[in-house]
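# Remarks on the overall topology
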Amino acid sequence: RASNKTHVTILRGVVVGQEQTGKTSLIRRLRGEDPFDSLNHQVQRQETDGGQKLKRNLMALVPWKFPHNLQPNLSIVQEDVVQLYVSEGRSFQTSFLTTSSNPSGETSHDSRKCNDQIDATFRKEWLTSLRQQNGKELDFVVWVVDPRMDNLLEFLAMGLGILFPPPTAVKESKGQNDEESVSTHKSGINDLTAPLVHNLCILLNFRDIQSQQGPKSTDGTTLENVRQLTNNVLQKHAPLVDETNENASPRLITAKHPNIVVYESSMLNCYGLQQLHSFIALPYLSFKEREYLNRADNMRNGHRKW
């Protein structure tokens, strides 16, 4: 990721979402192209049995600089050159359905079974997207969503539940063997419920056409509802403090705490791209934190050998 000679840091990210939500347009915007101007970008088409299929640009490698307008008193000196390697994930194909219930208000067995199947398929699609870059660890994920879709909050809640399973605190007992304790983090958090993503940006796209779509268009209420949903997820992943251990290291706990931000966007007029640029500061600082902590550990280990 970082070279001592060239001081280049590569942050890896993936753009995910359903079909026709603006993933490819976002990639082209990052490349400096106008996805709506057919004269200014090269479009390659390959023949298929059913006609012509658009061959999309699936990745972008773009420079990034730390934004200095985040906080007035925040002064960060960026000594390295940062490159963003962003790829487009395969479109989600899962058909999302609302859970149906019987007249008594209880969910039927068939409905639960159907929802379990949907959840399993959706989970598989997420895992495939997260392995997009040859299995290399991702620093951030951008989830592009059409806020006009039906069951928006239910759809997002299902995805967030996959990415951020509720953490469970595990108390070690005297009878616990070594094999069982392997899956338990030093902070008391079960590793099986660790977040799959640590930096997520949700883009509610198509802000430019909200005035043309009537009541189904995105508005401030939709944005606030989605942010409330993500806040609920973050509260479940609040750092767990082991009050019985005064020497517990806070960084072992907070390292599991994810970052989730929600913005509106428009690929037509580039609305929201400045916020996306600022969002990258989160995975960048997380990367630098890990880098300096590793240096400190190496220094401590070196002193022990003297």
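Above this text sits the structure in question.
Quick notes on the rules
- Along each chain, numbering runs from 1 in the same order as the chain's sequence is written.
- Local features in a predicted model are, by the rule used here, given only for residues with pLDDT of at least 70; side-chain atom pairs are given and counted only at 80 or more, and totals for whole chains, interfaces and linings are based on all residues.
- Hydrogens and water molecules were not included; the side-chain quantities draw on all heavy atoms of the structure.
- Secondary structure is summarised from DSSP: a helix means a run of H or I of at least four residues, a strand means a run of E of at least two, and numbering begins at the N terminus for each.
- Categorising residues by exposure relies on relative accessible area from a 1.4 Å probe, with only protein chains included: less than 20% of the type maximum marks a residue as buried, more than 50% marks it as exposed, and the intermediate range marks it as partly exposed.
- Grouping buried Ala, Val, Leu, Ile, Met, Phe, Trp, Tyr and Cys residues that are joined through side-chain atoms within 4.5 Å yields what is termed a nonpolar core.
- When the centres of two rings from Phe, Tyr and Trp lie within 6.5 Å, Trp using its six-membered ring, the rings pair. Their planes under 30 degrees apart give stacked, over 60 give edge-to-face, and anything left gives tilted.
- Here, a charge over a ring means that NZ of Lys or CZ of Arg falls within 6 Å of the ring centre while also lying within 35 degrees of the ring normal.

Bringing unusual backbone geometry into the picture now. For Gln20, which is not glycine, the phi torsion reads 60° and is therefore positive. Within the element layout of this structure, Gln20 appears in the loop between β1 (8–16) and α1 (23–30). Residue classification places Gln20 among the exposed positions, given a relative accessible area of 64%. Non-glycine residue Cys270 carries a positive phi angle of around 70°.

This paragraph deals with the nonpolar core. Ranked by internal contacts, the top residues of the largest apolar core, which has 31 residues, are Trp126, Val141, Trp143, Leu160, Leu200 and Ile202. Sorting elements by how many residues they give to this core places helix α3 (residues 152–163) first, with seven residues. Judged by nonpolar contacts, the second largest core, of 26 residues, contains Leu11, Ile27, Leu84 and Val142.

On to the packing of aromatic side chains. According to the stated counting rule, one finds 10 aromatic pairs in the structure shown. Taking the centre distance of 6.0 Å and the plane angle of 80° together, the rings of Trp64 and Phe66 count as edge-to-face. With a relative accessible area of 4%, Phe66 lands in the buried category. Here the aromatic rings of Phe140 and Phe279 are separated by 6.3 Å at their centres, their planes lie at 80°, and the arrangement is edge-to-face. Of this pair, Phe140 sits in strand β6 (residues 140–145) while Phe279 sits in helix α7 (residues 273–279), and the two are 139 residues apart along the sequence. In this structure, Phe140 and Phe279 share a single accessibility class: buried. Each residue in the set Phe92, Phe122, Trp126, Trp143 and Phe155 is aromatic and connected to the rest through ring pairs, giving one cluster. Lying over the aromatic face of Tyr85, Arg12 brings its terminal NZ or CZ to 5.3 Å of the ring centre. In this arrangement the basic side chain of Arg207 is found over the ring face of Tyr271, its NZ or CZ atom lying 4.1 Å from the centre.

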